[in-house]
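Structure assessment
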Amino acid sequence: MTATHISSPVPATARTAAPASDEGSARALTGKRRIAFASFVDENYLPGFLVLLRSLALSNPGVCEDFIVLHDDLKPSSVARIRALHPRVSFRRVDADHYDSYAKGDQDNYLVRKAYFILDVFKIRDYDTVITLDTDMVVLDSLAELLSLREGLAAVPQFFYGRHKLNSGLLVIQKEYLSDEFYARIDQVGRSGSYELDKHDQGILNAVLDGDFVRLDARYNFVKRRLSGDLPVPEDTAILHFTGRHKPWQGGEAGYDLAQERWREFDLSDADLQAAYLGGGGTMHQDLLIHFGTPHVERTGHVDTARRVAHAHIAKGDYQSAVEIMERVHIPIDEAWPHEVYGHALMSVSRYEEARAQLLLATSAPNRAATAFARLAQVSWVHGDDGAAQQYALQGLTVDPTHRASRIWHQRTIGVPAQQQGSPADQLAHVAFYMDRQGNAGDKLLPESVRLAFDPDTTNRRWHSVHAHRLFDEPALERVNARRGLVIGGGGLFIPDTMPNGNSAWQWNVPDELMSRIDVPIAVYAVGFNAFDGQSYRAQRFRDSLRLLVERSAFFGLRNHGSIEKVRAMLPSHLHDKVRFQPCPTTVTRQLVANWQDPVKRDDTILVNAAYDRASLRFGHDYGYFLEQMARAVRELGDLGDVQCVAHSLDDEKIAFDLRREHGVSMPVIPMYDFENDEIRDLYARTRLVIGMRGHAGMIPFGCGTPIISLISHPKMAYFLRDIERPEWGVSVHDRNLADVLVERSRDLLVDHAKTVADVHGRQQELWRITQANAADLRAVLGG
């Protein structure tokens, strides 16, 4: 694609201002772009629009952005036909009477009125990028480049009378044009009539823009008239536009047979579309796979389609729906993969015995056996049977010695920590996520940090460990009730999918009935609400478990005010006051670690961390942009210090690999996932600056007294910076000027490093004051 950027005609203040409706939302905090397609649709053009939707799905199977249908008055049956073709469609009525004032005597000209109505797209305020598609278009190739555009108003140019003007049908419109100011300019020109009558909507836009738009390659709006004489459609055409009065669904036009054959490829029944989508290649979007796959399964009972739909539900965290789709089909006994996926879904809703049966059937096939054995090991471990878990894990490794999940479960079962070294009456029980070797470094450090906030002795002499992911059963309840209290804390436990269960729908696998029978004081300490932008819980199960937990807790502290807002919104009002602020103990590390000494001299390093779990939720369509900006930033940061990649987990090394492969930028990698806790703290205390995407790649160095800049791809990063009143220490991974902002802010923090460190200490002191005040209340509750 060739795209020439021409400066925007909209003032800078209009381009950068965020709408008030975004305040407090996850998207406003992460800066993640929200993208939508839009079309004006009426009954006359409905056949064309249905073909457009089918072509979009089949040509771009991995794309499923919101689709806004602007309409004047669609029939309910037409709305239903549209909904059958897209899972994320919404409908907005245009102000038809308003545009009558534009028509200048052409009120009865249907094409003129239709052209005006699409101008309502400029009234949209809840998206950052809107791509208009005309209803006489078909999509033939990838639109990834259009989805990655981030600035300006883009269109394919046409050459008229010595001047370039934008062509109608396809527009890629960025946020700065989706404003009251810009629409007022459109409206003024439309009412004045100072535009070319025969160009209609593009005439108004051309009059407003006066040639100032981003030029797209003609392949993105390849008009039919270029194929006169029955020429073939060029292979690189991404969007074919059937301009003119004779539309394919009306019989077409002579001399364009080959073009109209391309249109007819997508003139399918719903059943044929579903089969075509499911039989296509490439990466499929989870929402589209579910949308087309579910009715296909209901109609055909096709087992492999059910397996694929269930897998998509699992990936989205909707485990109950995964179970339900598998329950609709009969799985032959020798079909291992469907049994394995069904078993995965069942264990995720805590139907463990049924899951075992399905997973055992899946072990019969060599290509699925290792995964099935690993899941069986997990089920056994969840139930406290380390011996059976170890045997299943060994069987998985026997099938595939390189199978990582089997190796993790084997290591977990042979490394069970000793318990009950001290007197139960002197111990606190501690529910946490206890990280495995080579697991996330931040989660590895967290349980110890929580314990330091209660007692300098973090060993089993004073603490009884309760792994959050193990089923909290009768023996576990008995052990907890023998202690003097229960502490729940060590990370973002309020997240639905790290280790899903049907008992609580968050990370602690505790049935309500057993939680109700805990008779020692409960302290929820510095837990975070960790749902990503775009991620959801099984709302009712989580709400019920959460409410019971708050009711039963003597102390309920969350680690940022963003989490407090989210949790209070799920609780009845009489419980709101029980939810209080307790900073993550990693943020006050200097105060908690005995005999802490700030470094006399720091290494001349800048540590960079990126995270890749749930990458689509973090980056959307912007990963390529993020990588290009980070390449620029790393090069320039090299003038300020030795830039190194610090990997909290194995996946975090990806940024170093991608920067070298795509941009020729090299960084040494520090494998922090292999570090012990003291090594983690020591490294972060000795560096000059940490630029991190993981929450604890910000909170741990901050707690060690080191300046930070957060790469924000998750709301919790912004929550923390808001709490310490330093939002400028964060930059969204989607920021239009990411590299420039990152380098500028790094330079500002490093130019007077001593002053910046003093500011970090000052911010930390306020968190420590809150922690000490809470500690006084906790002593009254738990003693000690």
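Refer to the structure printed above.
Summarising the sheet, strand 2 (residues 66-71) and strand 3 (residues 89-93) pair through 5 bridges and their orientation is parallel. By the bridge assignment for strand 3, His 71 is matched with Arg 93. Regarding topology, helix 4 (residues 76-83) serves as the crossover connection from strand 2 to the parallel strand 3, and that connection is right-handed.

Contact geometry of helix 14 (residues 319-326) with helix 15 (residues 336-348) gives a least axis separation of 8 Å together with a crossing angle of 140°. Looking at the two axes, helix 14 sits oblique to helix 15. In this structure, helix 14 crosses over helix 15, and the sense of that crossing is left-handed. Contacts between helix 14 and helix 15 involve Tyr 319, Ala 322, Val 323 and Met 326 from the first element and Pro 338, Tyr 342, Ala 345, Leu 346 and Ser 348 from the second. The residue makeup of the contact of helix 14 with helix 15, split by class, is 8 nonpolar, 1 polar and no charged.

A separate point is helix 14. Burial runs high along helix 14: 6 of the 8 residues are buried. In this structure, the buried side of helix 14 is in contact with helix 12 (286-300), helix 13 (303-315) and helix 15.

Turning next to the sheet that holds strand 11 (residues 222-223). Taken in spatial order, the 3 strands line up as 5-12-11 in an open sheet, and their pairing is mixed. Lying at the two open borders of the sheet, with one neighbouring strand each, are strand 5 (137-139) and strand 11. Sheet topology places strand 11 next to strand 12 (residues 239-241); 2 bridges connect them, and they run parallel. What sits directly across from Val 223, in strand 12, is His 241.

Moving on, we come to the packing of helix 13 against helix 15. One can describe the packing of helix 13 onto helix 15 by two numbers: an axis separation of 9 Å at closest approach and a directional angle of 30°. Here helix 15 runs roughly parallel to helix 13, going by the angle between their axes. At the point where helix 13 passes helix 15, the crossing takes the left-handed sense. Within the contact between the two elements, helix 13 uses Val 303, Arg 307, Ala 310, His 311 and Ile 314 and helix 15 uses Trp 337, Pro 338, Val 341, His 344 and Ala 345.

This next bit is on the packing of aromatic side chains. Inspection of every chain in the model, using the stated rule, returns 25 aromatic pairs. Taking the ring centre of Tyr 220 as reference, the NZ or CZ of Arg 219 above it sits at 4.8 Å.

This paragraph deals with the pairing of strand 14 (residues 463-467). Burial analysis of strand 14 places 5 of its 5 residues in the buried class, which makes it a mostly covered element. Here strand 14 shows no split at all, with Trp 463, Ser 465 and His 467 on one side and His 464 and Val 466 on the other all buried. One ladder, built from 5 bridges, connects strand 13 (residues 428-432) with strand 14; its direction is parallel. Looking across to strand 14, one finds that Ala 429 is bridged to His 464. With helix 20 (residues 441-452) bridging strand 13 and the parallel strand 14, this β-α-β connection has right-handed handedness.

Take helix 3 (residues 46-59) next. Its 14 residues place the ends of helix 3 20 Å apart at the C-alpha level, agreeing with the 20 Å of an ideal helix rising 1.5 Å per residue. Of all 14 residues in helix 3, 12 are buried; the element is thus mostly enclosed.

According to the stated counting rule, one finds 52 salt bridges in the structure shown. Taking the shortest distance from any N to any O, the salt bridge between Asp 622 and Arg 150 comes out at 2.9 Å. Remark: Arg 150 occurs in the loop between helix 7 (144-148) and strand 6 (153-155) and Asp 622 occurs in the loop between helix 26 (615-619) and helix 27 (623-637); sequence separation between them is 472 residues. Each member of the pair, Asp 622 together with Arg 150, is buried. Across the pair Asp 777 and Arg 580 runs a salt bridge whose closest N-O atoms are separated by 2.9 Å. With Asp 777 in helix 33 (residues 753-782) and Arg 580 in strand 19 (residues 579-581), this residue pair connects regions lying 197 residues apart in the sequence. Taking the relative accessible area as the measure of exposure, Asp 777 reaches 36% and is therefore partly exposed. Residues joined in a network through salt bridges with shared partners are Arg 34, Asp 66, Arg 88, Asp 287 and Lys 316.

Parameters and conventions
- Residues numbered from 1 in each chain as written.
- Predicted model: local features only at pLDDT ≥ 70, side-chain atom pairs only at ≥ 80, totals over all residues.
- Heavy atoms only, no water.
- Pairing = 2+ DSSP bridges.
- Helix = DSSP H or I, 4+ residues; strand = E, 2+ residues; numbered from the N terminus.
- Right-handed = clockwise from strand over helix to strand, strands pointing away.
- Axes fitted to C-alpha atoms, helices over the stretch in contact; angles between N-to-C directions.
- Parallel < 35°, antiparallel > 145°, perpendicular 65-115°, else oblique.
- Left-handed = near helix turned anticlockwise from the far one by under 90°.
- Contact = heavy atoms within 4.5 Å.
- Nonpolar A, V, L, I, M, F, W, Y, C, P; charged D, E, K, R; others polar.
- Buried < 20%, exposed > 50% of the residue type's maximum accessible area, 1.4 Å probe, protein only.
- Phe/Tyr/Trp six-rings, centres within 6.5 Å; stacked < 30°, edge-to-face > 60°.
- Lys NZ or Arg CZ within 6 Å of the ring centre and 35° of its normal.
- Expected span 1.5 Å × (residues − 1).
- Salt bridge = Lys/Arg side-chain N within 4 Å of Asp/Glu carboxyl O.

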